[in-house]
Amino acid sequence: MTWANLAILGVGAALVSVPVILHFLMQPKPKEMLFPAMRFLKERRESNRSRMRIRHFLLLLLRCLLIGLVAVALAGPSVASSDFGNWLTLGGIGFSGLVVATILLFSFFRQTKNWLLIGILGALFLGHLIYGSWATSKLLGSESAQLIGDDQAPVAALIVIDTSPRMEFLNENNTGLEKAMEAGQWLVSQFPVDSQVCVLATDNDRPFFSVDVAAATRRIKTLETNFSGSSIPAALLDGIQILNKAPQERKEIYIVTDLTRESWAGENPKPLAKLLDQSPGTSVFVFDVGVENPTNMALTQLNLSDVEISTNGRMSISTEVQRLGPATQRTVKMLIERHEPPLPVVRDEQNVFPTATFDGQMVTKDIRENSSVPVKFTFSQPLELGVYHGRVEVEGQDGLAIDNQRFFTFRVGATKRALIVHPTNVYPRIIESLLAPRDKVEAGTAKYESETTTQTEFLRFENLSNYDAIYLLDPQPMAEPIWERLESYVREGGGLGIFLGHNAAEGGVADAGFATPTAKRVLSGTLEQQWFNEEPDLFLSPKELTHPIFNSIRGNETTVLWNRFPVFIHWGFLPDEDDKLPTQTLLRFGNREPALIERTIGAGRILVMTTPITEYSSVEGRPIWNLLISGNMVPSYLLLEGIASYLVQGDAESLNVGIGQIATLNNDLREFPENYQAFSPDPGKPPTRVNAVDGKLRYRFIDFPGHYRLKGVMDQTVVLRGFSANIGSAVTDLTRIEPDQLDAFLGAERYKLARQRDEIQRQQGATRRGQEFYPLVVLMMLIVMAVEYLMSNRFYRS
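### Observations regarding the overall build of the protein
Counting its regular elements, the protein contains 17 helices and 39 strands. Considering the protein as a whole, with its 798 residues, one finds that 47% of them fall into the buried category. Long-range pairs, those at least 24 residues apart, make up 75% of the contacts in the protein between residues at least 6 apart in sequence. Counting every atom, the protein has about 40800 Å² of accessible surface; 54% of that belongs to carbon and sulfur.

### So, the nonpolar core
With 41 residues, the main nonpolar core has Tyr 471, Leu 540 and Leu 639 as its most contacted residues. Beyond its immediate sequence surroundings of up to four residues, Leu 540 is in contact with Trp 562, Leu 587, Arg 588, Phe 589, Ala 595, Met 609, Leu 628 and Leu 639.

### Quick word on the packing of aromatic side chains
Taken as a whole, this structure holds 18 aromatic pairs when the rule is applied. With a centroid separation of 5.6 Å and an interplanar angle of 55 degrees, the aromatic rings of Phe 191 and Tyr 254 are classed as tilted. Of this pair, Phe 191 sits in the loop between α5 (176-190) and β6 (196-201) while Tyr 254 sits in strand β7 (residues 250-257), and the two are 63 residues apart along the sequence. When its relative accessible area of 7% is taken as the criterion, Phe 191 is described as buried. Its relative accessible area of 1% is what places Tyr 254 among the buried residues. Three or more aromatic residues joined by ring pairs form one cluster here, namely Phe 358, Phe 379, Tyr 388, Phe 408 and Phe 410. One Lys or Arg, Arg 605, reaches over the ring of Tyr 646 and ends 4.1 Å from the middle of that ring. One residue, Arg 721, lies across the ring of Phe 672, its end atom 4.0 Å from the ring centre.

### Describing the sheet that holds strand β21 (residues 448-454)
Taken in spatial order, the seven strands line up as β21-β20-β22-β23-β30-β29-β28 in an open sheet, and their pairing is mixed. The sheet is open, and its two borders are formed by β21 and β28 (583-588), each paired with just one other strand. Going across the sheet, the axis of each strand differs from the next one's by a mean of 15 degrees, ignoring polarity. Across six bridges, strand β29 (residues 594-601) lies against strand β30 (residues 604-609) in antiparallel orientation. In the sheet register, Ile 597 faces β30, and the bridge partner there is Val 608. Contacting β20 (416-422), β21, β22 (469-473), β23 (495-499), β28, β29 and β30, helix α14 (residues 634-648) runs over the sheet at an angle of about 155 degrees to β30.

### Things to note about the pattern of salt bridges
Scanning the entire structure with this criterion turns up 19 salt bridges. Asp 733 is paired through a salt bridge with Arg 261; the nearest N and O atoms lie 3.3 Å apart. Here the residue Asp 733 occupies a position in the loop between β37 (717-726) and α15 (739-746), and Arg 261 occupies one in the loop between β7 and α8 (269-277), the gap between them amounting to 472 residues. Among the salt bridges present, the one from Glu 308 reaches Arg 411, with a minimum N-O distance of 3.2 Å. Here the residue Glu 308 occupies a position in strand β11 (residues 308-309), and Arg 411 occupies one in strand β19 (residues 405-412), the gap between them amounting to 103 residues. Note on Glu 308: relative accessible area 15%, which makes it buried. Each of Lys 333, Arg 391, Glu 393 and Glu 395 takes part in one network of salt bridges that share partners.

### Examining the pairing of strand β12 (residues 315-324)
With four bridges connecting them, strand β9 (residues 296-299) and β12 associate as antiparallel partners. When the sheet's bridge partners are listed, Ala 298 is paired in β12 with Gln 322. The sheet contact formed by strand β10 (residues 303-304) and β12 spans two bridges and is antiparallel. Across the sheet, Asn 303 pairs through a bridge with Ser 318, a residue of β12.

### Here we look at the confidence of the model for the protein
When pLDDT is averaged along the protein, the result is 83, and 82% of the positions lie at 70 or above. Within the model, the stretch residues 143-149 combines pLDDT values under 50 with 29 contacts to residues more than four positions away or in other chains.

### Remarks on the sheet that holds strand β16 (residues 361-367)
Spatially, five strands are ordered β11-β19-β18-β13-β16 in an open sheet, and the strand pairing comes out mixed. Unpaired on one side and paired on the other, β11 and β16 mark the two borders of the sheet. Of the strand pairs in this sheet, strand β13 (residues 328-336) and strand β18 (residues 386-394) are connected by five bridges, and their pairing is antiparallel. Residue pairing for β18: Lys 333 is matched across the bridge by Glu 393.

### Things to note about unusual backbone geometry
Cis peptide bonds are those with omega within 30 degrees of zero, and the linkage from Pro 341 to Pro 342 qualifies with 5 degrees. For Pro 342, the location among the structural elements is in the loop between β13 and β14 (345-347). Each neighbour pair has its own omega, and for Leu 343 with Pro 344 the value is 5 degrees, a cis peptide bond. With phi around 55 degrees, Glu 172 is a residue other than glycine that occupies positive phi space. One non-glycine residue, Asp 194, lies in the positive phi region at around 70 degrees. By the secondary structure assignment, Asp 194 is in the loop between α5 and β6. Residue Asp 194 is classed as exposed on the basis of its relative accessible area of 62%.

### Notes on helix α12 (residues 480-491)
Look at α12: 16 Å from first C-alpha to last across 12 residues, which is about the 16 Å you get at 1.5 Å a residue. Taken together, the buried positions of α12 are occupied by Ile 482, Trp 483, Leu 486, Glu 487, Tyr 489 and Val 490. Seen from one end, α12 has its buried residues packed into an arc of 160 degrees, which puts them on one side. Where the residues of α12 are buried, they touch α11 (455-458), β22, β23, α13 (517-523), β29 and β30. Downstream of α12 by a residue or two, Gly 493 has a phi angle that is positive, lying close to 115 degrees.

### Focus: a nonpolar patch on the surface
On the surface, Phe 125, Leu 126, Leu 129 and Ile 130 cluster together into a nonpolar patch covering about 370 Å² of accessible area. Locating Phe 125 in the fold gives a position in helix α4 (residues 115-141). Note on Phe 125: relative accessible area 32%, which makes it partly exposed.

### A short note on the environment of Gln 329
Mapped onto the secondary structure, Gln 329 falls in strand β13. Not counting residues up to four positions away in its chain, the partners in contact with Gln 329 are Thr 364, Lys 365 and Asp 366. Within polar-contact distance, the side chain of Gln 329 engages the side chain of Asp 366 at 2.7 Å.

Criteria and cut-off values
- Residues numbered from 1 in each chain as written.
- Predicted model: local features only at pLDDT ≥ 70, side-chain atom pairs only at ≥ 80, totals over all residues.
- Heavy atoms only, no water.
- Helix = DSSP H or I, 4+ residues; strand = E, 2+ residues; numbered from the N terminus.
- Buried < 20%, exposed > 50% of the residue type's maximum accessible area, 1.4 Å probe, protein only.
- Contact = heavy atoms within 4.5 Å.
- Areas by Shrake-Rupley, 256 points an atom, 1.4 Å probe, with all protein chains shown as cover.
- Core = buried A, V, L, I, M, F, W, Y, C linked by side-chain atoms within 4.5 Å.
- Phe/Tyr/Trp six-rings, centres within 6.5 Å; stacked < 30°, edge-to-face > 60°.
- Lys NZ or Arg CZ within 6 Å of the ring centre and 35° of its normal.
- Pairing = 2+ DSSP bridges.
- Axes fitted to C-alpha atoms, helices over the stretch in contact; angles between N-to-C directions.
- Salt bridge = Lys/Arg side-chain N within 4 Å of Asp/Glu carboxyl O.
- pLDDT = per-residue confidence, 0-100.
- Expected span 1.5 Å × (residues − 1).
- Arc of directions from axis to C-beta.
- Patch = residues over 30% accessible without salt bridge, like charges linked within 9 Å, V, L, I, M, F, W, Y side chains within 5 Å.
- Polar contact = N/O pair within 3.5 Å; in protein donor to acceptor, adjacent residues only side chain to side chain.

Next up, the structure:
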């Protein structure tokens, strides 16, 4: 406990003696009187004298108590807010002890004494005294009690400001970030002289104390929205470590945020809660600049049917329009840029990008309250070879505009050539019809130009580089030189799909031709024994559909019923763990054995499936391996379509990336220049230089959504390349965090929550000065005055 005016408390202690002195000075002096029947009068006088002595003592006690309370009120006692309840408990114990002491005194001075009662009351009073002394010493020695009193003492302050894209939400003509910056500048101006201030944003910057208040204010004024920043708990963990090193005893943390759930998501609350528990004297304030019931329109991630098409190809783009708030109607449009050489360029220190577009497509949707509707566009217009950028956007006003646009990039290239290799006992019709449907071939819109050959003829092929992808359908054993040629083909950028079946077996185990060192590298591992399942209860079991081969399946999970396509036999497979050759299992069977494995070798990739895709409903002379292409072939067709697209797309997966990722593009110096000028979609960033290394272009500074454009020159001809970057759907999720979730990070009753500046001021005062007892002391004074008045009138009414 601290005292605002400790000297007045000493004066009050001296004044308490005044009623005592007056009490003794104004005692009536005895007078001698002669009167008969003195015996009866003496007994009556003794009885009255004892009663009057007690009354005088009570009045003396009340008057001393009243003066003492006046002195205490003027002295201004206060305690830490967190200890206020404890001090109230201690006050209750003190009052209870006073009552026990009073009764004890009355019992002791009575003419007839009850020693048992006196003993019990004495034990109770002693217990009150011991417990009160112990509790007082604990409270006075607590860390929080030592940090209150002087509200102008210097502080070490940590101000964490949320700079996530959600802070761009516009409400009452101000964004959340603008409100946060104003609040931060105001907080800095409120700190006492000689305070140290650390301004920390959720932008992955290192925490540091500003040299002075002006520097802290400048730091706040320069804050910008960050699309690849950290969470608030991560920023707090970094900031508290430097805060604890500050020499000031008083430490304060201010979190300025919109209190959206995503700002705290993905973090374990225990480390932050533990760190705060280790600093009980640190005050935590949460300044809420968010909106309790926001409304928003948003586009989900785009799903492109293909990221590379032929000149007469066809492409579809699908997404969903999400509504947070009441029902509404909105128009969504899709635009694709035209090439405008020599753009992009720099003019007057400003980046100039193409603005002309092909005829856009528009669709109007009615969206129910807090729901979403699907949107799909189809583009089929003859285009020249090259890279094209486009966007899908929602028209109209919206509080958070950053998620009303989604960007995409696709490439128009020459028709891909695919080679289908099969033994004579395997029928390739399913792959042929998938890669080159007759109607699309005749219309000139087929994605692939396929060629089919037997495995025997394939062994005599000299040049495999003419093909973008090779499919080995249930291959028979091959010699080591053939495996080496396939490995070299993949290393140079080719795509290889291998569908293993009965031809790989010899006596129920893998043939030795599949166990050579190169074969194991190409197959991504070792073939073990065959797995048999007589009952039709084993199926392909996709768990996560994030890989590009599942693009056609994603969104149609409810219609793709794999349990209708049982697998009876598949190869047991032991993946090879080679750090130099990245390998991952993309698909498993229901028994968790690998069904589809991907391996990257050099610039190319390999997909290995451990059961064939060429088994028809009936075969002769051997057991059937699966029913994947029997009956309704939609699931298998979608899977094969994804595999085919993935094998030939090369670096196409890097044409559309997320914020914070690395875009990697193949850069064959026979086709592309070595150096590029890179234009960021951020209007404030000048172009940078990007050089190809080992046949790859790697761009690491993806921190802003939009189109990233690469401009190079080869043989005096401008070469335009690029990619698009988008924020994740969760980044703009405006759902508010629940109180219990916030308590898990900061501790229940550990922080103060405010939405207005005056709330912060009151909470600052209560934290720095402590909770004052003045109102309670004044109330006690009134009670004592009333009791003293009633008792004095009762005692002296005659």
